[in-house]
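Observations on chain architecture
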Amino acid sequence: MNLCQKGLRIIEQLSDDKLATLLSLALFLKTGKESVQPMLASQAYQDWLSAENDIYDELFAD
């Protein structure tokens, strides 16, 4: 199975919210810009930083 087929299989299983995030990422990558600023403002990144994210709390707790 090639990479495109694997990607399509994964995409078919995503919820609408996650698919919207993936679309935003794909459009960002398509532009070829090197800046990470749009990614820092993305909902997925903000969710990762949220207080509800236990992994973040465990990794960076003092």
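Glancing now at the overall build of the protein chain. Regarding its fold elements, the protein chain presents five helices and zero strands. When the helices and strands of the protein chain are placed in sequence order, the string is α-α-α-α-α. By residue count, 5% of the 62 residues in the protein chain fall in the buried class.

Nonpolar side chains collect at one region of the surface, where Leu 8, Ile 11, Leu 19, Leu 22, Leu 25 and Leu 29 lie side by side and expose about 480 Å² of accessible area between them. Put simply, the parts of the chain that give the nonpolar patch at least two residues each are α1 (3–12) and α2 (16–31). For the nonpolar patch, the element with the highest residue contribution is α2, accounting for four residues. Tracing the chain through its elements places Leu 25 in helix α2.

Scored by pLDDT, the protein chain comes out at a mean of 77, with 69% of its residues at no less than 70. Averaged pLDDT values for the elements of the protein chain fall to 62 in helix α5 (residues 54–60) and rise to 89 in α1.

The end-to-end C-alpha distance of α2, which contains 16 residues, comes to 23 Å, matching closely the 22 Å that a straight helix rising 1.5 Å per residue would cover. Just beyond α2, the residue with positive phi is Gly 32, at close to 80°.

Quick look at α1 now. When you tally the buried positions in α1, you get zero out of ten residues, a small fraction of the element. Regarding α1, its N-cap is Asn 2, as a side-chain oxygen of that residue lies 3.0 Å from the backbone nitrogen of Cys 4 further along.

Cut-offs and rules
Residues numbered from 1 in each chain as written. Predicted model: local features only at pLDDT ≥ 70, side-chain atom pairs only at ≥ 80, totals over all residues. Heavy atoms only, no water. Helix = DSSP H or I, 4+ residues; strand = E, 2+ residues; numbered from the N terminus. Buried < 20%, exposed > 50% of the residue type's maximum accessible area, 1.4 Å probe, protein only. Patch = residues over 30% accessible without salt bridge, like charges linked within 9 Å, V, L, I, M, F, W, Y side chains within 5 Å. Areas by Shrake-Rupley, 256 points an atom, 1.4 Å probe, with all protein chains shown as cover. Salt bridge = Lys/Arg side-chain N within 4 Å of Asp/Glu carboxyl O. pLDDT = per-residue confidence, 0-100. Expected span 1.5 Å × (residues − 1). Polar contact = N/O pair within 3.5 Å; in protein donor to acceptor, adjacent residues only side chain to side chain.

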